[in-house]
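Residues per chain are reported as follows:
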Amino acid sequence: MSGNITFTMIKPDAVKNGHIGAILKHINDGGFKIIAMKYSKLSAEKAGEFYAVHKERPFYGELVEFMSSGPIVAAVLQKDNAVDDFRKLIGATNPSEAETGTIRALYATSIGKNAVHGSDSDENAQIEAHFHFSNTEMFV
Ligand code: ATP
Ligand code: MG
């Protein structure tokens with residue numbers, strides 16, 4: 001399965017602003033198959049664990065607070081070259097630098113509240129998918 005999955009979350013800002021449906025349509029139109037999906041809310045502890053790689057960064061506290069501030073949609077997506085193609089579909093971390101038509105250009109409001117998460121490597125896609133889903137919750 002390595003190489004053809006990525007993990008995404010529709011973040012609390014995009015959920016709150018009513019963009020779940022529009023973002024899922026971008027995902028479908030981009031050729032990704034949803035093989036797992038969950039509407040849930042992260043505890044601060046879980047959010048902190050998920051973004052532990054950023055622990056030393058100045059925005060870590062803000063990131064953890066934001067990611068546990070409301071419900072999210074977590075999903076595992078399947079496609080050839082899933083990680084890179086999904087990063088292209090979502091655009092740059094900072095929405096002001098995201099290419100026109102990308103999910104972040106359309107729905108993000110700031111670098112912190114940037115609408116979606118996308119894995120940054122095949123290895124992290126596997127780790128992140130299994131952080132949120134058991135094998136019996138993924139339908140390849
Ligand atoms: P993500 O991992 O959520 O897909 P990314 O890979 O584009 O985003 P990272 O560098 O991994 O970007 O940063 C993780 C998240 O931390 C960003 O999506 C954003 O929400 C937040 N973040 C990053 N840089 C900043 C910053 N300078 N100020 C505030 N929040 C930030
Ligand atoms: Mg990242």
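What you see is a predicted model; the values in this text were computed from it and never measured. (Residues numbered from 1 in each chain as written. Chains lettered and ligands numbered in written order. Predicted model: local features only at pLDDT ≥ 70, side-chain atom pairs only at ≥ 80, totals over all residues. Heavy atoms only, no water.)

Caption draft 1: Geometry of the overall build of the protein chain. In terms of helices and strands, the protein chain carries seven helices and four strands. The N-to-C order of helical and strand elements in the protein chain reads β-α-α-β-α-α-β-α-α-β-α. A globule of 140 residues ought to have a C-alpha radius of gyration of about 14 Å, and the protein chain, at 14 Å, matches this closely. Once the C-alpha set of the protein chain is aligned to its principal axes, its extents read approximately 35 × 35 × 25 Å. Within the span of the protein chain, comprising 140 residues, buried residues form 44% of the whole. For the protein chain, the distance from the average site of its 14 positive side-chain charges to the average site of its 17 negative ones is 5 Å. (Helix = DSSP H or I, 4+ residues; strand = E, 2+ residues; numbered from the N terminus. Rg over C-alpha atoms; globule rule 2.2 N^0.38 Å. Buried < 20%, exposed > 50% of the residue type's maximum accessible area, 1.4 Å probe, protein only. Lys, Arg positive; Asp, Glu negative; His and termini not counted. Charge placed at Lys NZ, Arg CZ, Asp CG, Glu CD.)

Caption draft 2: Fine view of the packing of aromatic side chains. On inspection of all chains with the given rule, the structure shows four aromatic pairs. Plain terms: the ring middles of Phe7 and Phe50 are 5.7 Å apart, the flat faces sit at 50° to each other, and that makes the pair tilted. Placement of Phe7 in strand β1 (residues 5-10) and of Phe50 in helix α3 (residues 44-50) is noted, with a sequence separation of 43 residues between them. In this structure Phe50 comes out as buried when scored by relative accessible area, which is 10%. Taking 5.6 Å as the distance between ring centres and 65° as the angle between the ring planes, the aromatic pair formed by Phe50 and Phe131 counts as edge-to-face. Here Phe131 lies in helix α7 (residues 122-132) and Phe50 lies in helix α3, a separation of 81 residues in the sequence. (Phe/Tyr/Trp six-rings, centres within 6.5 Å; stacked < 30°, edge-to-face > 60°.)

Caption draft 3: Representation of the site of ligand 1. The immediate surroundings of ligand 1 are formed by 14 residues, with Lys11, Tyr51, Arg87, Thr93 and Asn114 found nearest. Residue Gly112 places a main-chain N or O atom 3.0 Å away from an oxygen atom belonging to ligand 1. At a separation of 3.0 Å, an oxygen atom of ligand 1 approaches a polar side-chain atom of His117. Taking 570 Å² as the accessible area of ligand 1 by itself, protein coverage stands at 82%. Here ligand 1 is seated within the largest pocket. Those elements giving two or more residues to the shell around ligand 1 turn out to be α4 (60-67) and β4 (116-118). Partitioning the shell around ligand 1 into residue classes produces four nonpolar, six polar and four charged. (Near = heavy atom within 4 Å. Polar contact = N/O pair within 3.5 Å; in protein donor to acceptor, adjacent residues only side chain to side chain. Areas by Shrake-Rupley, 256 points an atom, 1.4 Å probe, with all protein chains shown as cover. 1 Å grid on protein atoms, 1.4 Å probe; cavity = no way out; pocket = protein on both sides within 12 Å on 5 of 7 lines; lining within 4 Å. Sits in = over half its atoms within 2 Å of the grid points. Nonpolar A, V, L, I, M, F, W, Y, C, P; charged D, E, K, R; others polar.)

Geometric values such as these leave the question of function open.
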